[in-house]
Amino acid sequence: MKAVAAVAEILKREGTTFLIGYPVNPIIEAAAQADIRTIIVRQERTGLHMADAVSRITSGQKIGVFTMQHGPGSENAFGGVAQAYGDSVPIVVLPGGYPRRITNIPPNFNSFINYRNVTKWCEQVVVGDAVPDAMRRAFTQVKNGRPRPVLVEIPVDVYQEEVPEPLSYKMTPRTRVAPDPDAVTEAARILVEAERPVIYAGQGVHYARAWQQLRELAELLEAPVTTSLEGKSAFPETHPLSLGSGGRSIPKTVYEFLKNSDVIFGIGCSFSTTNYGVTMPKGKIIVHSTVDSADLNKDVVAEHAVIGDAGLVLEALLAEVRDRLKGKPRGRKAEVTRQIATMKAEWLAQWMPKLTAKDKPLSPYRVIWDLLHTVDVANTIITHDAGSPRDQLSPFWESTEPLTYIGWGKTTQLGYGLGLAMGAKLAKPDALCINVWGDAAIGFTGMDFETAVRERIPILSILLNNFSMAIELPIMKTATEKYRSTDISGHYADMAKAFGGYGERITEPGDIIPAIKRGIAKTREGIPVLLEFITEKEINFSIFK
Ligand SMILES: Cc1ncc(C[n+]2csc(CCOP(=O)(O)OP(=O)(O)O)c2C)c(N)n1
Ligand SMILES: [Mg+2]
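Residues numbered from 1 in each chain as written. Chains lettered and ligands numbered in written order. Predicted model: local features only at pLDDT ≥ 70, side-chain atom pairs only at ≥ 80, totals over all residues.

Novice: Which residues make up the overall build of the protein, and what are the values?
Specialist: In terms of helices and strands, the protein carries 21 helices and 18 strands. Taking 545 residues into account, the globule formula puts the C-alpha radius of gyration at 24 Å, and the protein, at 24 Å, falls close to it. Oriented by its inertia axes, the alpha-carbon framework of the protein measures out at about 70 × 60 × 45 Å. Intrachain contacts of the protein at a sequence separation of at least 6 include 74% that bridge at least 24 residues. (Helix = DSSP H or I, 4+ residues; strand = E, 2+ residues; numbered from the N terminus. Rg over C-alpha atoms; globule rule 2.2 N^0.38 Å. Contact = placed C-beta atoms within 7 Å.)

Novice: Before we move on, could you go through the environment of Gly327 and cite the residues and values that matter?
Specialist: With respect to the secondary-structure elements, Gly327 resides in the loop between α12 (310-325) and α13 (333-355). For Gly327 and Pro458, which are 131 residues apart along the polypeptide, the C-alpha to C-alpha distance reads 47 Å.

Novice: Go over the sheet that holds strand β5 (residues 121-124), please, and point to the residues and values.
Specialist: With respect to topology, 6 strands assemble into an open sheet ordered β2-β1-β3-β4-β6-β5, the strand pairing being parallel. Each edge of the open sheet is held by one strand with a lone partner, namely β2 (37-40) and β5. Strand-to-strand twist across the sheet, computed as the mean angle between neighbouring axes with direction ignored, equals 20°. Of the pairings in the sheet, the one linking strand β4 (residues 91-97) to strand β6 (residues 150-155) comprises 4 bridges and is parallel in character. Within β6, the position partnered with Val92 by the bridge is Val150. (Pairing = 2+ DSSP bridges. Axes fitted to C-alpha atoms, helices over the stretch in contact; angles between N-to-C directions.)

Novice: Quick one: what's the story with the nonpolar core, residue by residue and with numbers?
Specialist: In this structure, Val7 and Val92 are the most contacted members of the largest nonpolar core, which totals 112 residues. Counting residues domain by domain, this core receives three or more from each of domain 1 (3-155) and domain 3 (356-534). In contact with Val7, other than residues within four places in its own chain, are Ile27, Ala30, Val131 and Met135. Ala210, Leu214, Phe265 and Leu317 belong to the second-largest nonpolar core, a separate cluster that totals 49 residues. (Core = buried A, V, L, I, M, F, W, Y, C linked by C-beta atoms within 7 Å. Buried ≥ 20, exposed ≤ 12 C-beta atoms within 10 Å, placed from the backbone. Domains from an automatic or database assignment.)

Novice: Outline the site of ligand 1, listing residues and values.
Specialist: As a matter of local geometry, ligand 1 sits amid 18 residues, with Gly387, Ser388, Gly438, Ala440 and Ala470 nearest to it. Mapped onto the shell around ligand 1, the elements with two or more residues apiece are α15 (388-393) and α17 (439-445). The greatest single-element share of the shell around ligand 1, amounting to 3 residues, is contributed by α17. Here the residues of the shell around ligand 1 sort into 9 nonpolar, 7 polar and 2 charged. (Near = placed C-beta within 6 Å. Nonpolar A, V, L, I, M, F, W, Y, C, P; charged D, E, K, R; others polar.)

Novice: Tell me about the domain arrangement of the protein, residues and numbers included.
Specialist: Taken as a whole, the protein is organised into domain 1 (3-155), domain 2 (181-340) and domain 3 (356-534). Taking only C-alpha atoms into account, the centre of domain 1 sits 29 Å from that of domain 3. The interface is formed by 23 residues belonging to domain 1 together with 23 residues belonging to domain 3. Put simply, the parts of the chain that give the side of domain 1 that touches domain 3 at least two residues each are α3 (44-57) and α5 (78-86). When residues of the side of domain 1 that touches domain 3 are assigned to their parent elements, the largest contribution, 10 residues, is made by α3. Looking at side-chain class alone, the side of domain 1 that touches domain 3 contains 9 nonpolar, 8 polar and 6 charged residues.

Novice: Outline helix α16 (residues 416-427), listing residues and values.
Specialist: The terminal C-alpha atoms of α16 lie 17 Å apart, and with 12 residues this matches the ideal 16 Å at 1.5 Å per residue to within 8%. Within α16, 12 of the 12 residues are buried, which leaves it mostly tucked inside the rest of the structure. Within the sequence span of α16, burial applies to Tyr416, Gly417, Leu418, Gly419, Leu420, Ala421, Met422, Gly423, Ala424, Lys425, Leu426 and Ala427. (Expected span 1.5 Å × (residues − 1).)

Novice: Explain the environment of Trp211 residue by residue, including any values.
Specialist: One can find Trp211 in helix α10 (residues 211-221). Among the residues examined, Trp211 registers 21 C-beta atoms within 10 Å and is labelled buried. When the C-alpha positions of Trp211 and Lys252 are compared, they lie 24 Å apart, and in sequence the two are 41 residues distant.

Novice: Which residues make up the pairing of strand β1 (residues 18-21), and what values do they have?
Specialist: Regular strands place their side chains on alternate faces of the sheet. Going residue by residue along β1, you find Phe18 and Ile20 tucked away on one face and Leu19 and Gly21 tucked away on the opposite face as well. As defined by bridge partners, β1 adjoins β2 across 4 bridges and the pair is classed as parallel. Among the inter-strand pairings, Gly21 is bridged to a residue of β2, identified as Ile40. In this structure, β1 lies alongside strand β3 (residues 64-68), joined through 2 bridges in parallel fashion. Note that in β3 the partner of Gly21 across the bridge is Thr67.

Novice: Please provide a residue-by-residue account of the environment of Val152, values included.
Specialist: Positionally, Val152 belongs in strand β6. Excluding residues within four positions of it along the chain, Val152 makes contact with Leu94, Glu123, Val125, Ala134, Met135 and Ala138.

Novice: Which residues make up helix α11 (residues 252-259), and what values do they have?
Specialist: The set of residues buried in α11 consists of Thr253, Val254, Tyr255, Phe257 and Leu258. Buried residues in α11 make contact with β7 (197-201), β8 (225-227), β9 (242-245), β10 (263-267) and α13.

Novice: Break down the packing of helix α8 (residues 181-193) against α12 for me, with residues and values.
Specialist: Viewed as axis vectors pointing N to C, α8 and α12 meet at an angle of 50°, and their least axial separation amounts to 9 Å. The orientation of α8 relative to α12 falls into the category oblique. Viewed along their axes, α8 and α12 form a crossing whose handedness is right-handed. Only Ala316, Leu317, Glu320, Val321, Arg324 and Leu325 of α12 make contact with α8, whose side of the interface consists of Val184, Thr185, Ala187, Ala188, Leu191 and Val192. A per-class count over the contact of α8 with α12 returns 9 nonpolar, 1 polar and 2 charged. (Parallel < 35°, antiparallel > 145°, perpendicular 65-115°, else oblique. Left-handed = near helix turned anticlockwise from the far one by under 90°.)

Novice: If you had to explain the sheet that holds strand β18 (residues 529-534) to someone new, which residues and values would you point to?
Specialist: Spatial ordering of the open sheet is given by β14-β13-β15-β16-β18-β17, a layout of 6 strands whose pairing is parallel. Only two strands of the sheet have a single partner each, and these edge strands are β14 (405-406) and β17 (502-506). When strand β15 (residues 432-438) meets strand β16 (residues 460-465), the two strands line up parallel, connected through 5 bridges. Residue Asn435 lies in a different strand from β16, and its bridge partner there is Ser461.

Novice: Please give an account of the pairing of β3 that cites residues and values.
Specialist: For β3, a buried count of 5 out of 5 residues is recorded, marking the element as mostly surrounded by other parts of the structure. Going residue by residue along β3, you find Gly64, Phe66 and Met68 tucked away on one face and Val65 and Thr67 tucked away on the opposite face as well.

Novice: Give a detailed account of unusual backbone geometry, specifying residues and quantitative values.
Specialist: Of note, the bond from Pro106 into Pro107 is cis; its omega dihedral lies within 30 degrees of zero at 5°. Note on placement: Pro107 falls in the loop between β4 and α6 (111-114). A cis amide bond links Glu165 with the next residue in sequence, Pro166, at an omega value of -5°. On the secondary structure map, Pro166 appears in the loop between β6 and α8. The phi dihedral of Asp35 falls on the positive side, at around 65°, and the residue is not glycine. Tracing the backbone shows Asp35 in the loop between α2 (26-33) and β2. Note on Asp35: 9 C-beta atoms within 10 Å, which makes it exposed. Residue Arg456 is not a glycine yet carries a positive backbone phi of 55°. In this fold, Arg456 is placed in the loop between α18 (449-454) and β16.

This is the structure:
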């Protein structure tokens, strides 16, 4: 068989049911011939974001795959792969390559050379019959160890070469890394001895699907739980031990409890220094559990470390902690949960005027608050974008079920949220999939709303249009005054309609909830929806430093 047909057959054997891509790449045609649904986007970046969400929402059980052409395709796709690398998302990227004769000759863009720093595995196939080996290596890497993108570049003259039949390829295995028992014993001792421990859960908990174990450990230790932005929804945020999620803008409980803790237990997290995550306060005893030892002592000094799959680590810790506590909590819960509830109520009361504001232009906080109280939160998957919408949404959105919030932001590419919502909808067609973004964000990827219409991916897009890059106002004062450099404009509800979707522009506070309900109803009819809320240039955030 031809190498290109072998790629399609291997994708099938790996369980790929749809391939997201942008022409020209013959894998698209071969996939269709093999009955893999092909989904064509309007630009590569969005397609990668969609593949990314497929992997995130399924905890990597279903790996998102994206293909594009050599040259412009692989050049333009760079952002999408870099974003997945930044946030540690496992995707398979299949660019075409220049013919072998000229693949290493400038100025030809060589994916093998250029993508090495944003992938965990990057290979160029040099002969057709090496395709099965290359694909086996890529899928093995993407499914094992720390999740991150992998890439196999296939030069255009390799696609038509022969691969021996019958094709020898079996689905690659998944493994889990178990922790060192001594490290577990040590960590359990520290956690049990701690007076005021706080658990900080990262997205490793999502990839290990270890939500139940996390909950059991928190309840046994009677320890408050917060998450990274990526880990948001790993612990029910309505649980009395929840502090809410981390990020740039956070509930007061996250800040105060971390500050007053004696021990911080990071599970399935990298503790990377980022503007979009809480900074761990100095002087704490840190117990760091991660699947990748490259994270250890990188940004945060950890005296105690446990390497392993978050699920296996939590199970081992549970057994040890149960042993030490004779199976029962020590009766700290009432006091801890009372403190959390009191502080949370005070903090929310401070924000309530904005969350329920009757102003025009609308308060973005009011839009978010009304959205939270209109949708069925447990059956909704929501994501933010870069900019103010992230900082307005993440502290106030309380996720109750695992993987119902796609939090992100080790790097923060404007326009990421649309593709994430679309990928989530592909992976979970029954969920209401929402992206909340600003008018700068839609400038990057808005054209792919047309993809949602054409490919029948009925998402609900919530646009907070303040005709501005409001978050930049404080640092672009002169440029704004002299040259209006933060102003932007557009009628995006009309844009959505022009693309064949449902669009509505909302200016009245009383119309927010009815419009959301109309929008949800339209998504149920299979029509993507864009609700454009005209909002004020709000730049107050729940930031603690
Ligand atoms: C690709 C990219 N370029 C630049 C930025 C920097 N940036 C972050 S937010 C922002 C403006 C956001 O404006 P908007 O989406 O309208 O939200 P607003 O603050 O107005 O609510 C910019 C320029 C970015 N995150 N991504
Ligand atoms: Mg804006």
